[in-house]
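Below, each chain spelled out in residue letters.
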Amino acid sequence: MSIITLDKVGLLINNQHILQNITLTIEENTLIGIAGPSGSGKSSLLRLLNLLISPTSGTIFYHNKNIMDYNPMKLRQEIGYVLQKPYLFDGTVLDNLEYPYYLHGLKVDKEEIASFLEKVHIPLSYASKTRHELSGGEQQRIAFIRSLLIKPKVLLLDEITAALDENTTILLENFINDLHKHSQITVIFVTHNSSQLHRLAQKVIYIEKGQVNIFADTEKYFAAKENSNE
Amino acid sequence: MNNTALILTYILPAIALFISYREKLCLEKDIIIGSIRAVIQLVLIGLALKFIFGINNAYLTSLILLIMIYNACIVAAQRGQGIAHVKAISFTAIFLSLFLTLGSLVLFNAINYTPSQVIPISGMVVGNSMVALGILYRNLISNFADRHDEIEVKLCLGASPHQAAQSLIRNSIKTAMVPTIDSMKTLGIVQLPGMMTGLILAGVAPETAIKYQIMVAFMLTGAITISSFTASYWAYRGFFTNKAQLISK
């Protein structure tokens, strides 16, 4: 069943076509990788799906309803977004992880927080640390689990492993795979890492100059790329 | 004070003029123009106030207050260029702060609604609110630019614009209020404020002057809080679209 559909979506900023005529359907509970050269519009596509920006043409549907007709706050609760550069708020790690609960008027679930911390290999003792005491990789993992605490149905990940070492990258990939299998979550991630696409994605969207050139199963995508390189 | 004594006080700006000339500060023209303008403006306002006080009409007094608010809102709005509806926000914020503080003072019989009492008091409220709004706007603009990532992350977590901007709003209100609160803390220790000094110089007993000064200090704290609160909670909306998207300036 389709969860997100883009119909001739375009994005024009300062008379520049950032995205043009994008039409595709994303099935529920799939792992989609977005690849393409820098500046091709990958991050803009994620921002559109999260309604951080609006399309200048075409329509985006979420569960067959135009996203412009949704309450943006409710939509963003369902479509979580983790930015490439992790941003932790002032205060402790625990303050950051409790924020989604306070935001949505929920009782803080310490067990859930502890379980997520464990899954991304962050010791519980780090809960009292501030962002200045954490490495970039640790901050990224905290930002990642913070976005999971709003219990999104779709997760948009913008190159979240770009600045991480190999071990942490594999750790996060395994966690994403686990989430996808057990929580029925649809994951759409941007990456420049071909091996990551291979390991993680079920389907690949390849964007170039603001247009979707390839949208295919991962194996077909790599075959197509190989053919074009020959 | 007789007129000869007043004329002799021009020796003081003359000293400034001499130092500026000797030290090549190039401020001579500004000092001369400034001192002449001060005399002309004060003479004119003195005559105007004498006329208004003489008429003692509540409608005319209210009109003067509206003119004061309008001028203050134009000046405050210049500091908030780029904020949507900044003139309307400034006018409403200053109007509300004056209405509530002046209204309370009249209601408590602290002052009477006569031009000789209302106009100087309103001048203080409007002037201080205007300065506070200028600080508030500059702070809001720089905070929204500097803390862009923080706001977007909060929006991504499902925060409303109000929730995403709440810490910035608080920070901006606080920054606008701090000078008034600091000045209240040091009243009588570091400074004898203008109103109290003026009353004492005019021959009013210090214990009476103190009463007025306490009233003014409390009034200004209230006025600045009201104007900063009103303006910030209206102004922050202009940084977002109706789809709760942060507008990049």
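Position numbers for residues start from 1 in each chain and track the written sequence from start to end. The lettering of chains begins at A and the numbering of ligands begins at 1, in the order of writing. Given that the model is predicted, a residue must reach a pLDDT of at least 70 before its local features are reported, and side-chain atom pairs must reach 80 or more before they are shown or counted; all residues, however, enter totals for whole chains, interfaces and linings.

## A look at the overall build of chain A
Right, so step 1: Secondary structure follows DSSP: runs of H or I at least 4 residues long count as helices, runs of E at least 2 residues long count as strands, and numbering of each begins at the N terminus. Helix and strand content of chain A: eight helices and ten strands.
Right, so step 2: The globule rule used for comparison is 2.2 Å times the number of residues to the exponent 0.38, while the radius of gyration itself is calculated over C-alpha atoms. Here chain A has a C-alpha radius of gyration of 18 Å; the compact-globule value for 230 residues is 17 Å, and the two agree.
Right, so step 3: Oriented by its inertia axes, the alpha-carbon framework of chain A measures out at about 50 × 40 × 35 Å.
Right, so step 4: Across the 230 residues in chain A, those meeting the buried criterion constitute 41%.
Right, so step 5: Each residue gets a C-beta atom placed from its backbone, and two residues are in contact if those atoms lie within 7 Å. Long-range contacts, defined as pairs at least 24 residues apart, comprise 70% of the intrachain contacts of chain A with a sequence gap of at least 6. Each residue is classed by its C-beta neighbour count within 10 Å, where at least 20 other C-beta atoms makes it buried, 12 or fewer makes it exposed, and intermediate counts make it partly exposed; the C-beta atoms are placed from backbone geometry.

## Let's talk about the overall build of chain B
Right, so step 1: Regarding its fold elements, chain B presents ten helices and zero strands.
Right, so step 2: Looking at chain B as a whole, 31% of its 249 residues are labelled buried.
Right, so step 3: Contacts in chain B between residues far apart in sequence, at least 24 positions, make up 72% of those at least 6 positions apart.

## A short note on the sheet that holds strand β1 (residues 2-13) of chain A
Residue and element names in this part refer to chain A.
Right, so step 1: Note on pairing: DSSP must find at least two bridges between two strands before they are called paired. Ordered by their spatial adjacency, four strands build an open sheet running β2-β1-β4-β5, and the pairing between neighbours is antiparallel. Single-partner strands in this sheet number two, and they are β2 (16-27) and β5 (65-66).
Right, so step 2: Relative to the sheet, helix α1 (residues 42-49) contacts β1, β2 and β4 (57-62), its axis offset from that of β1 by approximately 120°. Between the N-to-C directions of two axes lies an angle of 0 to 180 degrees, each axis being a line fitted to C-alpha atoms and, for a helix, fitted only over the stretch in contact.

## Topic: the interface of chain B and chain A
Where interface size is quoted, it is often the accessible area lost as the parts come together.
Right, so step 1: At the interface, 14 residues of chain B touch 20 residues of chain A.
Right, so step 2: Here the residues of the side of chain B that touches chain A are counted per class, giving six nonpolar, four polar and four charged. Each residue is assigned to one class: nonpolar for Ala, Val, Leu, Ile, Met, Phe, Trp, Tyr, Cys and Pro, charged for Asp, Glu, Lys and Arg, and polar for all the others, Gly among them.

## So, the domain arrangement of chain B
Residues and elements named next belong to chain B.
Right, so step 1: What the domain assignment lists for chain B is domain 1 (1-55) and domain 2 (58-239).
Right, so step 2: An automatic or database domain assignment is the source of the domain bounds shown. Between the C-alpha centres of domain 1 and domain 2 the distance comes to 29 Å.
Right, so step 3: Among the residues forming the side of domain 1 that touches domain 2, the class breakdown is four nonpolar, no polar and no charged.

## So, the UniProt feature "transmembrane region" (unreviewed entry) in chain B
Residue and element names in this part refer to chain B.
Right, so step 1: UniProt positions are given in the numbering used here, feature names are shortened, and annotations may be inferred rather than shown by experiment. As recorded in UniProt, the sites labelled "transmembrane region" (unreviewed entry) are residues 6-22, 34-53, 59-77, 89-111, 117-137, 187-206 and 212-236.
Right, so step 2: A distance of 27 Å separates the end C-alpha atoms of residues 59-77, which is 100% helix and 0% strand.
Right, so step 3: As annotated, residues 117-137 has a helix share of 100% and a strand share of 0%, and its two end C-alpha atoms lie 30 Å apart.

## As for the nonpolar core
Right, so step 1: Ranked by size, the top nonpolar core spans 113 residues in total, and within it Ile34(A), Leu156(A), Ile94(B) and Leu98(B) carry the most contacts.
Right, so step 2: Counting residues per element, this core draws most heavily on helix α6 (residues 115-146) of chain B, at eleven residues.
Right, so step 3: If sequence neighbours within four positions are ignored, Leu98(B) has contacts with Leu65(B), Ile69(B), Ser122(B), Val125(B), Val126(B) and Ala223(B). By definition, a nonpolar core groups buried Ala, Val, Leu, Ile, Met, Phe, Trp, Tyr and Cys residues that are joined through C-beta atoms within 7 Å.

## Looking at unusual backbone geometry
Comment: phi is negative for the bulk of residues other than glycine, and the bulk of peptide bonds are trans.
Residues and elements named next belong to chain A.
Right, so step 1: For Asn 64, which is not glycine, the phi torsion reads 65° and is therefore positive.
Right, so step 2: Looking at the secondary structure, you find Asn 64 in the loop between β4 and β5.
Right, so step 3: Note on Asn 64: 10 C-beta atoms within 10 Å, which makes it exposed.
Right, so step 4: For Lys 209, which is not glycine, the phi dihedral falls at a positive 50°.
Right, so step 5: For Lys 209, the position within the fold is in the loop between β9 (203-208) and β10 (211-217).

## Thoughts on the sheet that holds β10(A)
Residues and elements named next belong to chain A.
Right, so step 1: Ordered by their spatial adjacency, six strands build an open sheet running β6-β7-β8-β3-β9-β10, and the pairing between neighbours is mixed. Whereas interior strands pair on both sides, the edge strands pair on one side only; in this sheet they are β6 (79-82) and β10. Across the sheet, the mean angle separating the axes of adjacent strands is 15° when strand polarity is ignored.
Right, so step 2: Where β9 meets β10, six bridges bridge the pair, whose relative direction is antiparallel. Directly across from Ile 207, in β10, lies its bridge partner Val 212.

## A short note on the pairing of β6(A)
Every other side chain in a regular strand lies on the same face of the sheet, so the side chains alternate between the two faces.
Residue and element names in this part refer to chain A.
Right, so step 1: Residues Ile 79 and Tyr 81 point to one face of β6 and Gly 80 and Val 82 to the other, with burial holding for every one of them.
Right, so step 2: Note: β6 against strand β7 (residues 154-158), four bridges, orientation parallel. Considered in β7, the bridge of Val 82 is made with Leu 157.

## Side note on the pairing of β1(A)
Residues and elements named next belong to chain A.
Right, so step 1: Note that β1 and β2 share eight bridges and pair antiparallel. Counterpart to Ile 4 in the pairing with β2 is Ile 26.
Right, so step 2: What sits between β1 and β2 in their antiparallel hairpin is a turn of two residues, with Asn 14 showing a positive phi close to 50°.

## Brief notes about the packing of helix α5 (residues 86-107) of chain B against helix α10 (residues 206-235) of chain B
For any two helices packed against each other, the geometry comes down to the angle between their axes and how far apart the axes lie.
Residue and element names in this part refer to chain B.
Right, so step 1: As a packed pair, α5 and α10 sit with axes 8 Å apart at the nearest point and diverge in direction by 150°. One element, α5, and the other, α10, form an angle in the roughly antiparallel class. The way α5 lies across α10 gives a crossing that is right-handed. Side by side, α5 and α10 meet where Ile 89, Ser 90, Thr 92, Ala 93, Ile 94, Leu 96, Ser 97, Leu 98, Leu 100, Thr 101 and Leu 105 of the first sit next to Met 219, Gly 222, Ala 223, Ile 226, Ser 227, Thr 230, Ala 231, Trp 234 and Ala 235 of the second.
Right, so step 2: Taken together, the residues that form the contact of α5 with α10 break down as 13 nonpolar, seven polar and no charged. Should an angle fall under 35 degrees it is called roughly parallel, over 145 degrees roughly antiparallel, and 65 to 115 degrees roughly perpendicular, with every other angle called oblique. Take the far helix as your reference; a near helix turned counterclockwise from it by less than a right angle gives a left-handed crossing, and one turned clockwise gives a right-handed crossing.

## Quick look at the environment of Val204(B)
Right, so step 1: Locating Val204(B) in the fold gives a position in the loop between α9 (194-201) and α10.
Right, so step 2: Dropping the residues within four chain positions of it, Val204(B) is found in contact with Leu199(B) and Ala209(B).

## Describing the packing of helix α4 (residues 58-79) of chain B against α6(B)
Residue and element names in this part refer to chain B.
Right, so step 1: Where α4 contacts α6, the axes come no closer than 9 Å and their chain directions differ by 15°. Overall, the two elements α4 and α6 adopt an arrangement that is roughly parallel. Considering the relative orientation of α4 and α6, their crossing is right-handed.
Right, so step 2: Residues that form the contact of α4 with α6 fall into these classes: 14 nonpolar, six polar and two charged.

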